[in-house]
Amino acid sequence: MKRIFAKSTLRLFWQKYRDSEQYLKTWYETTMNSNWESPNDVKKTYANASILKDGRIVFNIKGNSYRLIVKFNFEKKWAFIRFIGTHNQYDKIDANYI
């Protein structure tokens, strides 16, 4: 990916949930260094990721303790962080529309 919007969202989250920091940093570095061209490419790296509609993908962070929703624009190589939260917080939203 060329760009991830916005790393500050991840940083604020790991400051609150310290046990997520290394997992989110690893996700960020892996994503930045990827050359994904489709959701299927993401699945090759993250087999447990869930593909949603409109370019959204849900990642399980720290053994599914946390959920990260990212909207991808594969053509432009951009990733937009749409949500990061606990599994309970995730259960209260509609991941297809966040």
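About the thresholds
Residues numbered from 1 in each chain as written. Predicted model: local features only at pLDDT ≥ 70, side-chain atom pairs only at ≥ 80, totals over all residues. Heavy atoms only, no water. Phe/Tyr/Trp six-rings, centres within 6.5 Å; stacked < 30°, edge-to-face > 60°. Lys NZ or Arg CZ within 6 Å of the ring centre and 35° of its normal. Core = buried A, V, L, I, M, F, W, Y, C linked by side-chain atoms within 4.5 Å. Buried < 20%, exposed > 50% of the residue type's maximum accessible area, 1.4 Å probe, protein only. Helix = DSSP H or I, 4+ residues; strand = E, 2+ residues; numbered from the N terminus. Polar contact = N/O pair within 3.5 Å; in protein donor to acceptor, adjacent residues only side chain to side chain. Contact = heavy atoms within 4.5 Å.

**What to know about the packing of aromatic side chains**
Summed over the entire model, instances satisfying the criterion amount to 13 aromatic pairs. An aromatic cluster of at least three residues, connected via ring pairs, comprises Trp27, Trp36, Tyr46, Phe59, Phe72 and Phe74. Positioned above the aromatic ring of Tyr90, the side-chain terminus of Arg67 is 4.5 Å from the ring centre.

**Some details on the nonpolar core**
Leu10, Leu24, Trp27, Phe59, Leu68 and Phe72 are the most contacted members of the largest nonpolar core, which totals 23 residues. Contributions of two or more residues to this core are made by helix H1 (7-16), helix H2 (21-32), strand S3 (56-61), strand S4 (66-73) and strand S5 (78-86). No other element matches the 4 residues that S4 contributes to this core. Val58, Ile69, Tyr90 and Ala95 belong to the second-largest nonpolar core, a separate cluster that totals 5 residues.

**Here's the deal with unusual backbone geometry**
In this structure, Ala6 follows Phe5 across a cis peptide bond, with omega equal to -10°. By the element assignment, Ala6 lies in the loop between strand S1 (3-5) and H1. You will see that Asn64, though not glycine, has its phi angle at about 75°, which is positive. The backbone of Lys77 shows a phi angle near 65°, a positive value even though the residue is not glycine. Mapped onto the elements of the fold, Lys77 is located in the loop between S4 and S5. Residue classification places Lys77 among the buried residues on the basis of a relative accessible area of 14%.

**Here's the deal with the side chain of Arg56**
Here Arg56 is to be found in strand S3. Note on Arg56: relative accessible area 7%, which makes it buried. Within the local environment of Arg56, its side chain forms a polar contact with the backbone oxygen of Ile98, the two atoms lying 2.9 Å apart. If we skip the residues at most four places from it in the chain, Arg56 touches Ser50, Ile51, Ile69, Val70, Lys71, Arg82, Ala95, Asn96, Tyr97 and Ile98.

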